[in-house]
Amino acid sequence: MQKKKKMALSTQIFIALVLAIIAGVLLTGNPAFATGYIKPFGTIFLNLIKWIVCPLVFFSIMAGVVSMRDIKKVGSIGGVTVVYYMCTTAFAVAIGLLFANLFKGFFPVLSVSELSYEPSATTVNFMETLVNIFPSNFVKPFAEANMLQIIVAALIIGFALILLSEDNDVDFAFVNVGNDICMKAMEMILKLSPVGVFCLLCPVVAENGPAVLGSLAKVLLVAYLCYVVHAVLVYSLTVRTLGGLSPIAFFKGMLPAMMMAFSSASSVGTLPLNLECSQNLGADKEVASFVLPLGATINMDGTAIYQGVCAVFIASCFGIQMTFSQMLTIVLTATLASIGTAGVPGAGMVMLAMVLQSVGLPVEGIALVAGVDRIFDMGRTVVNITGDASCAIVVSRMQNRKAGK
Ligand code: ASP
C-alpha cells in the first residue's frame, strides 16, 4: 500500500492562517467565544514555546560558540552580526519616518483629551540598562526569561569551555546533547503550530476586525507598506549581494517562519522554525545557532519601522511638526530601543514610550495606537525574524568565503 503523503508544515500553517481569518471574521459579533474558548489553546501553545525557548537559546548560543573553538572567530562573527543588525535597524527607522512623513497628510488631527494610556516604562537609563544585561544569579535569568542575560551567561560559559579545552581534553558533547534535546522538544511542540496559529489569530481578528476599518487603518497601511518595502529592498539586496542567494528563494524558504511570526507576534517563539528555515536556505548551523538567537533578542527592524511611523502619526495627531534633529534622535533611540526590546508580543509598544520621550512627544499618544497594537505587532515580528535570517545567510557566506569554501 502506498504511504499517504503528509502535507508540509508550511502548507498546514497557511491553511490554519486562512481558516483563522475566516473564523475570526465570522466571530466578530461574538469575540467573547473566540477569546474564551479558542484563545486558551493558543496560549497553551505559546506557553510551551516560552518554556523551551530559554534552554534552547542558552544551549544554542553555547553550542554555536564552542563549535567555533576559537574566541577570535566568535568575536569576528559577533562583530559583523552586530554591525549588520545596527545598520539595517537604523535604515528601517529611516524608512518608517520617510514614508510616514510622505503620508502625513492622511493622518487625522484628533481631539486628544480622552487619552488614558499609562505606559509602564517611560524612563530608560542607559547605565541601568547596561547593568541589567549582566546576571547576578545563575537561575534568575531563566526564571524571568531574561534573554539578554541568558545570552551573556551562554557566552561566558562557552568561552570558558573553549579556554579549558586549550589545556585539557574537554568533551563538549554535553553542550551538543543539550542542544539536540531542546531542538527535538521544540520540533515536537512545533508540530502543533497549525493549531496554535489558528487559536492565536482567530481571536485577534474577531476582536479587532471592525476597529481596523477606522482611521487607524491608514497608519496601519503605512506601517505595512514600510514593512514590505524594507524587507523587499534591504533583505533582497543583502541576501543577493552579500549572501549569494536569490531573493525569491530566500522569501519562499522563509515563508513558514514568517507565517509563524505573523500569528504568534513573537520573534523568540519563532526562533526554532527560523533556525530550520535558515539552515534549509544554506546558513551554517554554527552561524545560525549563534546569530539567530542573538537577533531574536537584539535585532528588531520591524519594531524600529513601527516606532518611526507611530512617532510621526502621534505627532501629527497632536498637531506637532517634528524637526529634522528630532527625527535623527528617533533613528538613534529606536535603534537602541530595538536592542532592549524582548522578542515577545507587545514589547515594541512599551519601547515606543521611550522613543517618544526622547524627542518630547506626548507619551499618552500611545493610547491612539494601543488598540490595534497586535496588528502592527504581527507585521513587525515578520520583518524582525526575516532580518535575523538574512543576517545568518550573509554571515555564513562571509565565513565560507574566508575559509575558502
Ligand atoms: N513582538 C515583537 C517581536 O517579537 C517585538 C515587538 O513588540 O515589537 O519581535
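Let us look at the structure shown here.

About the thresholds
- Residues numbered from 1 in each chain as written.
- Predicted model: local features only at pLDDT ≥ 70, side-chain atom pairs only at ≥ 80, totals over all residues.
- Heavy atoms only, no water.
- Near = heavy atom within 4 Å.
- Polar contact = N/O pair within 3.5 Å; in protein donor to acceptor, adjacent residues only side chain to side chain.
- Areas by Shrake-Rupley, 256 points an atom, 1.4 Å probe, with all protein chains shown as cover.
- Helix = DSSP H or I, 4+ residues; strand = E, 2+ residues; numbered from the N terminus.
- Nonpolar A, V, L, I, M, F, W, Y, C, P; charged D, E, K, R; others polar.
- Salt bridge = Lys/Arg side-chain N within 4 Å of Asp/Glu carboxyl O.
- Core = buried A, V, L, I, M, F, W, Y, C linked by side-chain atoms within 4.5 Å.
- Buried < 20%, exposed > 50% of the residue type's maximum accessible area, 1.4 Å probe, protein only.
- Contact = heavy atoms within 4.5 Å.
- Phe/Tyr/Trp six-rings, centres within 6.5 Å; stacked < 30°, edge-to-face > 60°.
- Lys NZ or Arg CZ within 6 Å of the ring centre and 35° of its normal.

Take the site of the ligand next. Lining the immediate environment of the ligand, one finds 16 residues, of which Ser-267, Thr-303, Gly-348, Asp-377 and Arg-380 sit closest. Contact between the ligand and Gly-348: an oxygen atom at 2.6 Å from a main-chain N or O atom of the residue. Between the ligand and Thr-381, the relevant distance is 3.2 Å, taken from a nitrogen atom to a side-chain nitrogen or oxygen of the residue. Surface burial for the ligand is 100%, taken as the share of its 270 Å² of free accessible area covered by protein chains. At the level of elements, helix H15 (347-358) and helix H17 (373-402) are the ones that each hand at least two residues to the shell around the ligand. Residue contributions to the shell around the ligand peak at four residues, all from H17. Of the residues assigned to the shell around the ligand, the class counts are six nonpolar, eight polar and two charged.

Overall, the coordinates contain three salt bridges when judged by the stated rule. Here the residues in one salt-bridge network are Asp-373, Asp-377 and Arg-380, joined through shared partners.

One finds Phe-250, Met-254, Phe-313 and Phe-376 to be the most contacted residues of the largest nonpolar core, which totals 135 residues. At 17 residues, helix H2 (residues 31-68) tops the list of elements feeding residues into this core. Sequence-distant contacts of Phe-376, that is, excluding residues within four places in its chain, are made with Val-219, Leu-220, Ala-223, Tyr-224, Tyr-227, Tyr-306, Cys-310 and Val-369.

With that settled, consider the packing of aromatic side chains. Within the structure shown, the criterion is met by eight aromatic pairs. When the ring of Phe-33 is compared with that of Tyr-37, the centres are 5.5 Å apart and the planes differ by 35°; the resulting orientation is tilted. With Phe-33 and Tyr-37 both in helix H2 and four residues apart, the pair spans about one turn of that helix. A network of ring pairs unites the aromatic residues Phe-58, Phe-59 and Phe-142 as a single cluster. One residue, Arg-380, lies across the ring of Tyr-306, its end atom 4.0 Å from the ring centre.

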